[in-house]
Amino acid sequence: MDTTKSEQIKAGLQKSFHSGKSAKASTVCYGYRITTEGDLMVYPAEAIYVFHIFERFAAGDSLGKISTSLAQMNVLSPTGKDIWSKETISKILKNEKYLGDVVLGKTQIRDGVQVENVDADTKIVMRGHHPAIISTDLFELVQRENRRRCRSHER
């Protein structure tokens, strides 16, 4: 059977996802650092602001208001900017890594464009992969609030 290079790469990624050995699982995000063993560990100097972002959103603050509060505290964005973009804050609020979980295969390439993967069978969820910054209750509350706000904008 002749497979394309793309199909071979996809198959290799899927195999690494299933084995739990994927380097993607330990991709560092704001609030974490990587240990010499390659594991994610909480970085308290940033984790406190991740918690702040979740708490403020759950309390009703807009993304803009959260950005302003971070700027007032002189907290630089993950890219070192004085002002946090709403997109960056939104991505943090949706990232299950802050629960200590990793979801692999969230996106796929279709016609050369990266799109969200809606096929649950091809996603791999690794629960408790690393220490959490956010409780499950707070994360789920924020996800519900995010959906509620999105629906209110559709009217």
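Preceding this section is the structure that the text describes.
Residues numbered from 1 in each chain as written. Predicted model: local features only at pLDDT ≥ 70, side-chain atom pairs only at ≥ 80, totals over all residues. Heavy atoms only, no water.

### Some details on the overall build of the protein
So, point 1. Tallying secondary structure elements over the protein gives five helices and six strands in all.
So, point 2. Counting helices and strands in the order they occur from the N terminus, the protein gives α-β-β-α-α-α-β-β-β-β-α.
So, point 3. Within the protein, the fraction of its 155 residues that count as buried is 34%.
So, point 4. Considering only residue pairs separated by 6 or more positions, the protein has 55% of its internal contacts joining residues 24 or more positions apart.
So, point 5. Here the protein displays about 10,100 Å² of accessible surface, and carbon together with sulfur accounts for 53% of that area. (Helix = DSSP H or I, 4+ residues; strand = E, 2+ residues; numbered from the N terminus. Buried < 20%, exposed > 50% of the residue type's maximum accessible area, 1.4 Å probe, protein only. Contact = heavy atoms within 4.5 Å. Areas by Shrake-Rupley, 256 points an atom, 1.4 Å probe, with all protein chains shown as cover.)

### What to know about the environment of G64
So, point 1. Relative to the elements of secondary structure, G64 occurs in helix α3 (residues 63–72).
So, point 2. Judged by relative accessible area, G64 falls into the partly exposed class, the value being 23%.
So, point 3. With 22 residues separating them in the primary sequence, G64 and K86 have C-alpha atoms 6.2 Å apart.

### A look at the packing of aromatic side chains
So, point 1. A complete count under the given rule lists four aromatic pairs for this structure.
So, point 2. A ring pair is formed by Y32 and Y98, whose centres lie 6.0 Å apart and whose planes are at 25 degrees; its orientation type is stacked. Here Y32, found in strand β1 (residues 32–34), pairs with Y98, found in the loop between α4 (86–94) and β3 (102–104); they are 66 residues apart in sequence, far enough to count as distant. Accessibility assignment for this pair places Y32 and Y98 in one class, buried. (Phe/Tyr/Trp six-rings, centres within 6.5 Å; stacked < 30°, edge-to-face > 60°.)

### Regarding the pattern of salt bridges
So, point 1. A complete count under the given rule lists seven salt bridges for this structure.
So, point 2. For R33, the salt bridge goes to E46, with nearest N and O atoms at 3.1 Å. With R33 in strand β1 and E46 in helix α2 (residues 44–58), this residue pair connects regions lying 13 residues apart in the sequence.
So, point 3. When its relative accessible area of 33% is taken as the criterion, R33 is described as partly exposed.
So, point 4. The salt bridge partner of R127 is D101, with a shortest N-O separation of 2.9 Å. Separated by 26 residues along the polypeptide, R127 in the loop between β6 (124–126) and α5 (136–154) and D101 in the loop between α4 and β3 bring together distant segments of the chain.
So, point 5. Classification of R127 as exposed rests on a relative accessible area of 65%.
So, point 6. Overlapping salt bridges, with partners in common, bring together R56, D61 and K65 in one network. (Salt bridge = Lys/Arg side-chain N within 4 Å of Asp/Glu carboxyl O.)

### Side note on α3
So, point 1. Of all the residues in α3, the buried ones are I66, S67, S69 and L70. Each buried residue of α3 lies within a common arc of 160 degrees when the element is viewed along its axis, so the set occupies one face. Counted as exposed and oriented over 90 degrees from the buried face of α3: K65 and Q72.
So, point 2. Looking one or two residues beyond α3, the residue adopting positive phi is N74, at roughly 60 degrees. (Arc of directions from axis to C-beta.)

### A few points about the packing of α2 against α3
So, point 1. It is the contact of α2 with α3, at a shortest axis distance of 10 Å, that shows an interaxial angle of 145 degrees. Crossing hand, α2 versus α3: right-handed. Listed contacts from α3 to Y49, H52, I53, R56 and F57 of α2 are L63, I66, S69 and L70. (Axes fitted to C-alpha atoms, helices over the stretch in contact; angles between N-to-C directions. Left-handed = near helix turned anticlockwise from the far one by under 90°.)

### A look at the side chain of N95
So, point 1. As for its position among the elements, N95 is in the loop between α4 and β3.
So, point 2. Only 2.9 Å separates the side chain of N95 from the backbone nitrogen of K97, close enough to count as a polar contact.
So, point 3. If near-sequence neighbours (up to four positions away) are discounted, N95 is found in contact with C29, K106 and F139. (Polar contact = N/O pair within 3.5 Å; in protein donor to acceptor, adjacent residues only side chain to side chain.)

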